[in-house]
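One letter stands for each residue in the lines below.
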Amino acid sequence: MDNQLAAFREQIDDFMQFHPQSPLDDDQRDAFRGLNYYEDNPALKLTVTVERLPAAEPLIEMETSTGDARPFRRWGTFGFVVDGQPARLTLYSDPSGEEFFLPFRDATSGDETYGAGRYLDNNRPGLEQARESAFEIDFNYAYNPYCAYSPSFSCPLPPRDNWLAVPIRAGEKQFEPK
């Protein structure tokens, strides 16, 4: 496994168990033995060209797990191939276009992974803008939103244009309290 990925996963497990801002409750922390992950999958570490959408495109309201809505901008779209099958996702940004967000569901959602979907964003490894329209995307860093651990969190739900028919077997698996 990639050393950087292994070290990052260790940091996340430490945060989940010991940090005061962890989404786990006291009982979950006491029983916590680490998150479940897929093995490192180098085939899902990609450099993609994002087709930029017009900057004047209106904001969308992304529904959340608690029925609220949060504003996002559809920033661009990109295609890629998973196990010989084509896939396409929309990359979102905050309203000012500075923070990037890639929420998605895939064929593993609700079975091997959290049913509502997983995320990548540019505040963690796994989603990085390399050039104006090129992004480094590493699905091995895909993570569950906090609502996977506690219903008290409000998490954006991946819009339908980010529901993939292909499996993304990389990153965090479904949380199973021990």
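Note that residues are indexed from 1 along each chain, following the sequence as it is written. Totals for whole chains, interfaces and linings use all residues, but because this is a predicted model, local features are given only for residues with pLDDT of at least 70 and pairs of side-chain atoms are given and counted only at 80 or more. Where side-chain values are given, they derive from all heavy atoms of the structure, hydrogens and water being excluded.

K.L.:
Before we move on, can you summarise the overall build of the protein chain with the specific residues and values?
P.N.:
When you go through the protein chain residue by residue, the secondary structure sums to two helices and nine strands. When the helices and strands of the protein chain are placed in sequence order, the string is α-α-β-β-β-β-β-β-β-β-β. Projected onto its principal axes, the C-alpha coordinates of the protein chain cover approximately 50 × 35 × 25 Å. Looking at charge distribution, the protein chain has the averaged site of its 17 positive side-chain charges lying 4 Å from that of its 30 negative ones. Secondary structure elements are defined from DSSP: runs of H or I of at least 4 residues count as helices, runs of E of at least 2 residues count as strands, and each element is numbered from the N terminus. In this tally Asp and Glu are treated as negative and Lys and Arg as positive; neither His nor the chain ends contributes. Positions of charges follow a simple convention, taking NZ of Lys, CZ of Arg, CG of Asp or CD of Glu.

K.L.:
Describe in detail the pairing of strand β3 (residues 60-63), supporting the description with residues and values.
P.N.:
One bridge is not enough; two strands pair if DSSP finds at least two bridges between them. As defined by bridge partners, β3 adjoins strand β4 (residues 69-82) across four bridges and the pair is classed as antiparallel. Note that in β4 the partner of M62 across the bridge is R70. With antiparallel pairing between neighbouring strands as the criterion, β3 and β4 make up a hairpin whose turn holds five residues, including G67 at a positive phi of roughly 90°.

K.L.:
Tell me about the pairing of β4, residues and numbers included.
P.N.:
The pairing of strand β2 (residues 51-52) with β4 spans two bridges and is antiparallel. Following the sheet pairing, R52 is matched in β4 by G76. Pairing analysis gives nine bridges linking β4 to strand β5 (residues 85-93), with the strands arranged antiparallel. From the neighbouring strand, G79 faces β5, where its bridge partner is R88. Counting the residues that bridge the hairpin from β4 to β5 gives two residues, and of these D83 lies at a positive phi of roughly 50°.

K.L.:
Which residues make up the packing of aromatic side chains, and what values go with them?
P.N.:
Each pair of aromatic rings taken from Phe, Tyr and Trp, with Trp reduced to its six-membered ring, is defined by centres within 6.5 Å and is described as stacked if the planes are under 30 degrees apart, edge-to-face if over 60, and tilted in the remaining cases. One pass over the full model with this rule turns up 13 aromatic pairs. Ring geometry for W75 versus F100: centroids 5.0 Å apart, planes at 85°, classification edge-to-face. In this pair, W75 is assigned in strand β4 and F100 in strand β6 (residues 100-104), connecting sequence segments 25 residues apart. Across the pair, F100 and W75 agree in class, each one buried. When a residue's accessible area, from a 1.4 Å probe over protein chains only, is under 20% of the maximum for its type it is buried; when over 50% it is exposed; and in between it is partly exposed.

K.L.:
Describe the side chain of S150, with residues and values.
P.N.:
Residue placement: S150 occurs in the segment after β9 (134-138). Under this definition, polar contacts are N or O atom pairs within 3.5 Å; protein pairs additionally need one hydrogen-donor-capable and one acceptor-capable atom, and for neighbouring residues in sequence, both atoms have to be side-chain atoms. Within the structure, the side chain of S150 is placed 2.8 Å from the side chain of S152, a separation counted as a polar contact.

K.L.:
Explain the environment of T90 to me, and be specific about the residues and the numbers.
P.N.:
Turning to its location among the elements, T90 is positioned in strand β5. As for T90 and F104, which are separated by 14 residues in sequence, their C-alpha atoms are 8.9 Å apart. Contacts between residues were defined by any pair of non-hydrogen atoms, one from each residue, lying within 4.5 Å. Setting aside residues up to four positions removed in sequence, T90 forms contacts with R74, G76, T77, L102, D161 and N162. Only 2.9 Å separates the side chain of T90 from the side chain of D161, close enough to count as a polar contact.

K.L.:
Any details on the nonpolar core? Residues and values, ideally.
P.N.:
Take the buried residues of types Ala, Val, Leu, Ile, Met, Phe, Trp, Tyr and Cys, join any two whose side-chain atoms come within 4.5 Å, and each joined set is a nonpolar core. One finds F80, F135, I137, F139 and I168 to be the most contacted residues of the largest nonpolar core, which totals 35 residues. Counting only elements with at least two residues in this core, the list comes to α1 (3-18), β1 (45-49), β4, β5, β6 and β9. When residues no more than four places from it in sequence are discounted, the contact partners of F135 are L46, T47, V48, V50, W75, L91, F100, L127, E128, Q129 and A130. By size, the runner-up hydrophobic cluster in this structure holds ten residues, among which are F72, Y92, Y114 and C147.

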